[in-house]
Each structure stands twice: as structure tokens, then as C-alpha cells.
Amino acid sequence: MVGSGPNGLIGAVTLASAGLRVLLVEAAGTFGGGLRSAELTLPGRVHDLGATVMAMALASPAFRRLGPLPVEFTHPPVPAAHPLDDRPAVLVHRDAERTAQGLGRDGRAWLASVGATARAGFPLVETLLSPLSPPRAPLAAARFGALGALPATVLGRTLFRTVEGRAVLAGMAAHSVLDLRSPITAGYGLLLAATAHLVGWPLVRGGSQVLADALVERLRAAGGATVSGHRVRDLRELDAPVVLLDVTPRQLRSMADLPRGYRDRLGRYRYGPGVFKLDWALDGPVPWRDPAVAGAGTVHLGGTLEEIALAEAETVAGRHSPRPYVLLVQPYAADAGRGGHTLWGYCHVPNGSEVDMTGAIEAQIERYAPGFRDRVLARHTMTTSALERFDPNLVGGDIGGGAASLGQFFRRPVWSATPWRTPLPGVYLCSAATPPGGGAHGMGGLHAARLALSDLRSGRVRPNSRRQFSATA
Ligand SMILES: Cc1cc2nc3c(=O)[nH]c(=O)nc-3n(C[C@H](O)[C@H](O)[C@H](O)COP(=O)(O)OP(=O)(O)OC[C@H]3O[C@@H](n4cnc5c(N)ncnc54)[C@H](O)[C@@H]3O)c2cc1C
């Protein structure tokens, strides 16, 4: 097993639980990939380097099938808030009805779209996170698909009549890092918003690293061994009948002698925009103009649907928006145990950008929280190259393992009924560059591990074969 992000860890645990002897090799000094935490600003301040909001983990079959882990998920009073100029912020509560009440004239449309997605429950989530398996909830998936296939701009304008309804959908959909005029961006928005009602948007008490460590312990308890601080550069280093790779296509191309056709197909895989990330140590909470925003774990900044759509379109076109969409996370709203008020936020930037977006991001916060900058004790910034140094899977700063476009929803990283399997016998990709894509849900790891186990059972892969990392297919 190469790489210990959520997909790598779930893959390793699945294989070890099935009785395989597993060795997990991680390039970084700490396990967890996008689940790592560290003191980035001041001593004692715990910051998550990647994922904080565990909605996808809680909703994911890959995590739910593990049973209880020694991890406490802690919920902020409000999952998400979307401040607006000169009017109260939109609040997305755990309760769909309460959210709908806050949306006034758009309340009914919220319940019919986001509410219906949440009511379809785990079978629909499993269907969406297993896009190449027979659907567990075909009718709900068809209903979801009718709305979700649309661009967020189109669904926002047809479904909602208020500035608030449209803005909140745009804020959710912009997590996709796509142009919101593109197909399926509405689907990302609907699903994400629905998870707030289905499972909430909790954090891990003490930092996401606690979850990564719990998974590593689960692996060791199942007999797995682990090595950190070793970057695998050539698959010939490994000698095992089955190898799961928590890496993206660009890395695989540099690690192995691949058949030319497959190599070319991987070369056509597209990475999306990157992010510029800021972590702050504050001397108190963010001074929101609307105090209700203080209770939100996640805050979407960027204003109306039109503004957010413009900012995201500019990014996808290769420009830096002067008024970017900012995704802000306030861990202190749910977890007082991180050494004080820590905050992180990012905005989307063109892939590979080295532009420092501190000014633009902080201006968006000041827009809704005047006096914010006075609260800052220390900052830590990461450009796209800094992100890639911290995790080689963040190619050009792309935090989703590749563009989440319609084309790459199924062709991830290649067109195949089993895209986790590579042409090298016994070698599987399991990262966010495989279905169902980005997020701390571990489903790429589960799908790849299940495929490997089925290949072992069917004899397609022989359990005692020594790995020959050459192009044989
Ligand atoms: C700033 C940021 C915020 C995010 N926020 C959220 C959030 O709140 N909620 C959410 O659900 N998702 C969030 N995400 C996305 C989520 O973290 C990722 O989608 C997820 O971590 C992908 O998991 P993965 O296992 O595919 O890869 P990763 O988590 O990227 O892990 C890959 C691992 O493999 C290792 N590796 C790579 N190559 C090699 C090699 N050759 N040899 C050895 N080891 C190797 C890397 O060092 C890394 O540890 C965020 C991501 C970032 C960066």
C-alpha cells in the first residue's frame, strides 16, 4: 500500500481485515495525507492541513462499515453559514425545516431539492459514491440526477427566487472547483448541502489527525505494518502480489513502466484549479457583522450566486479573481481543544499559481467581519507549490485529485468499468483520482481494495506471485 490519505488508509484496513499481510508506505513523516494536523502558526495551536469537515466521512459507507473508532465527532451549532451584504446571513442548520424557514419564499424549494436528497438517506449517498456499481437507490438517484445534472447557475435561477436561496446553492456548488455554468455542479451543491441535514458537518475533536491515527491503529490491530518518511519512486521497490496506490495519474506515470496506450490515456487526465490556503491564529472569534455566523463550522464568502459564479469562471479561465469565493472553516465553533481560536480558509486559483492571495481573502472576510485583521496573531500561507510539497497528490494545488467535471466523473482516470485496476497485474489506483473523486470519504480505497480481493479470489491475481513491474498488458 503506497500512501496514507483517507483512501489509502481505508484500502489498507480493508485488505488487512480480509486477512492479507499489509505494509503501508507513506512519503511524509506523518500518516494521514489530507487528514493531517500540525502546529502551523503558534506553539500549541492545532491546524488541519487538509480536511476538517467530516460530512463525507460520516455519510460514507467506507467509514460506517468500520464501526466505532476512538474518535469524537463534534458538531458546530450551525453546519454552514453564507453571509450577504446588508442582510442577515443564510444559515444551513442540521434541521432541514429550520433551514427552510430561514429561506422564506425559497423554503419550499429547499425542502423539495436539498431536503429530498437528505431524506433519500444513506442508500442515495452510497449510490452516488459508487457511480460504477448497480445503484442501491435507483429511483432516488434518478430524481437526484434530474436536478443534479444541471449547472448550479441554471438550477439556482430556476429553483430559487431569492438572493439568499441562489447564493447558498452557489456556495455549496463551488466546493466542486468547477465553472458553475458547467453540468453536474448543481449535483455537488445539492449533495453537500444534504449531508448537513443527513449527518451534519462535524469536526474531529483535537484535529483530523486523530482520525488518521485511529485508522493507522486499526490497520496495526489487523496485523498491518507501517513505514513513514519513504517516498516510493519506482514500483520495482515493492515486492507484493497486490499493490494499492494512493497516488494520482501523473505520479503513476513516473513510477512505472506502463503500456503505451494506458500511459497516453493517463496523460490526458486533467487536473483542476488549485487553492491558496491560509491558516490563522486569532486572539478571539471572527467579529462577524451578523453574530449568527459565529456558530457556523463552515462559512462561504463571496456574496451572490452571480458573484460566486463569476469568481469561479475567472479561476477556471486561468485568472485570479480580485473578489474570490472563499471557503472558511472555524474549528473553534465546535472544538475548544485546538489551543485557541484557529481559522483556515482558501480560495481557488489557477493550477500551479504562485500568487499570494492573502489580501484578497482577508478583504472578503473584512467585508462581512470588519475588524477581522486586528484579531490576527499569526498567519501561515500555502501556495499551490507549498501544498504539493506537503502532499504530492495535490498536483498544482488541486485538492480534488483531478478536475471533478462531468467527463471525469466516470473517466477517472480512464474510461473503464473498473478504473481502479491498472494494466500492471495486481496494481490498483485508489486515490481521489478514481471514482468517486475528492473528499475524505475513503471510497476510492474501498472500491480498489474490493476489486483487488475479488481478483485474488478469481485467480486473476495469484497470491504468491512476485511483483513484476513491467508492461505486460
Ligand atoms: C486544504 C484542504 C482542505 C480540504 N477540506 C476538506 C474537508 O473539509 N472535507 C473533505 O471531505 N475533504 C476535504 N479536502 C479534500 C480531502 O482532503 C481529499 O479529497 C482527500 O484527502 C483525498 O484522499 P486520498 O487518500 O485520495 O489522498 P491524500 O489525502 O492526498 O493522501 C495521499 C497520500 O499519499 C502519499 N503519497 C503520495 N505519493 C506517494 C509516494 N510515491 N510514496 C509514498 N507516499 C505517497 C502522500 O504523502 C499522502 O499522504 C481538503 C483538502 C485540502 C488540501
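- The protein is annotated in an unreviewed UniProt entry as NAD(P)/FAD-dependent oxidoreductase from Nonomuraea longicatena.

## A few points about the overall build of the protein
Piece 1. Each helix and strand in the protein was counted, giving 17 helices and 15 strands.
Piece 2. In terms of its C-alpha atoms, the protein occupies a principal-axis envelope of roughly 65 × 50 × 40 Å.
Piece 3. Classification of the 473 residues of the protein by burial places 61% in the buried group.
Piece 4. Of the contacts formed within the protein by residues at least 6 apart in sequence, a portion of 76% connects residues at least 24 apart.
Piece 5. Surface summary for the protein: the accessible area is close to 17700 Å², and the carbon and sulfur share equals 53%.
Piece 6. Placing the 49 positive and 37 negative side-chain charges of the protein at their respective mean positions leaves the two points 8 Å apart.

## A short note on the site of the ligand
Piece 1. The environment of the ligand is formed by 37 residues, the closest being Glu26, Gly34, Asp246, Asp391 and Gly439.
Piece 2. Here Glu26 contributes a side-chain N or O atom positioned 2.6 Å from an oxygen atom of the ligand.
Piece 3. Of all elements in the fold, only α1 (6-17), α11 (249-255) and β13 (341-349) reach the threshold of two or more residues within the shell around the ligand.
Piece 4. Ranked by residue count, the leading element in the shell around the ligand is α1, at three residues.

## Considerations on the packing of aromatic side chains
Piece 1. Within the structure shown, the criterion is met by five aromatic pairs.
Piece 2. Relative to Tyr271, the ring of Tyr269 lies with its centre 5.5 Å away and its plane at 90 degrees, an arrangement referred to as edge-to-face. Like Tyr269, the residue Tyr271 is buried in the burial classification.
Piece 3. Here Trp344 and Tyr346 contribute two aromatic rings whose centre-to-centre distance is 5.6 Å and whose plane-to-plane angle is 20 degrees, an arrangement assigned as stacked. This pair shows no difference in class: Trp344 is buried, exactly as Tyr346 is.

## Things to note about helix α13 (residues 305-316)
One full turn of an α-helix is made of 3.6 residues, so residues set three or four places apart face in the same direction.
Piece 1. In this model, α13 (12 residues) spans 16 Å end to end at C-alpha, consistent with the 16 Å of a helix rising 1.5 Å per residue.
Piece 2. The complete set of buried residues in α13 reads Leu305, Ile308, Ala309, Ala311, Glu312, Ala313, Glu314 and Thr315.
Piece 3. Where the residues of α13 are buried, they touch β5 (78-84), α7 (152-159), α8 (163-173) and β13.
Piece 4. The positive-phi residue at the C-terminal boundary of α13 is Gly318, with phi of around 95 degrees.

## Re unusual backbone geometry
Piece 1. Between Arg412 and the following residue, Pro413, the backbone shows a cis peptide bond with an omega angle of 0 degrees.
Piece 2. Secondary-structure assignment places Pro413 in the loop between α16 (407-410) and β15 (427-429).
Piece 3. With phi around 60 degrees, Val177 is a residue other than glycine that occupies positive phi space.
Piece 4. Along the chain, the position of Val177 falls in the loop between α8 and α9 (185-198).
Piece 5. Unlike most non-glycine residues, Ile184 shows phi in positive territory, near 65 degrees.
Piece 6. Note that Ile184 resides in the loop between α8 and α9.

## Overview of the sheet that holds strand β12 (residues 326-329)
Piece 1. As summarised here, the arrangement of the seven strands in space is β6-β5-β11-β12-β13-β10-β14, forming an open sheet in which the pairing is mixed. The open sheet is flanked by β6 (87-92) and β14 (376-382), the only strands paired with a single partner. The average angle at which neighbouring strand axes cross in this sheet is 20 degrees, direction not considered.
Piece 2. Across four bridges, strand β11 (residues 296-301) lies against β12 in antiparallel orientation. When the sheet's bridge partners are listed, Val299 is paired in β12 with Leu328.
Piece 3. Lying over the sheet, helix α14 (residues 358-368) contacts β5, β10 (274-282), β11, β12, β13 and β14, oriented at roughly 60 degrees with respect to β10.

## So, the nonpolar core
Piece 1. In this structure, Leu15, Trp110, Leu211, Val242, Leu244 and Tyr428 are the most contacted members of the largest nonpolar core, which totals 76 residues.
Piece 2. Built from parts of two domains, this core gets at least three residues from each of domain 1 (6-41 + 207-270 + 400-458) and domain 2 (73-202 + 273-390).
Piece 3. For Val242, the residues in contact, after removing those within four places along its chain, are Leu15, Gly426, Tyr428, Ala452, Leu456 and Val461.
Piece 4. By size, the runner-up hydrophobic cluster in this structure holds 28 residues, among which are Val78, Cys347, Ile361 and Phe372.

## Overview of the pattern of salt bridges
Between side chains of opposite charge, a pair can form when the charged atoms approach closely.
Piece 1. In the structure shown here, the tally under the stated rule is 19 salt bridges.
Piece 2. Between Arg157 and Glu306 there is a salt bridge, with the nearest N and O atoms lying 3.5 Å from each other. Taken together, the positions of Arg157 in helix α7 and Glu306 in helix α13 put the pair 149 residues apart, joining distant regions of the chain.
Piece 3. One salt bridge in this structure joins Arg220 and Glu217, with 3.0 Å as the shortest N-O distance.

Basis of the calculations
- Residues numbered from 1 in each chain as written.
- Predicted model: local features only at pLDDT ≥ 70, side-chain atom pairs only at ≥ 80, totals over all residues.
- Heavy atoms only, no water.
- Helix = DSSP H or I, 4+ residues; strand = E, 2+ residues; numbered from the N terminus.
- Buried < 20%, exposed > 50% of the residue type's maximum accessible area, 1.4 Å probe, protein only.
- Contact = heavy atoms within 4.5 Å.
- Areas by Shrake-Rupley, 256 points an atom, 1.4 Å probe, with all protein chains shown as cover.
- Lys, Arg positive; Asp, Glu negative; His and termini not counted.
- Charge placed at Lys NZ, Arg CZ, Asp CG, Glu CD.
- Near = heavy atom within 4 Å.
- Polar contact = N/O pair within 3.5 Å; in protein donor to acceptor, adjacent residues only side chain to side chain.
- Phe/Tyr/Trp six-rings, centres within 6.5 Å; stacked < 30°, edge-to-face > 60°.
- Expected span 1.5 Å × (residues − 1).
- Pairing = 2+ DSSP bridges.
- Axes fitted to C-alpha atoms, helices over the stretch in contact; angles between N-to-C directions.
- Core = buried A, V, L, I, M, F, W, Y, C linked by side-chain atoms within 4.5 Å.
- Domains from an automatic or database assignment.
- Salt bridge = Lys/Arg side-chain N within 4 Å of Asp/Glu carboxyl O.

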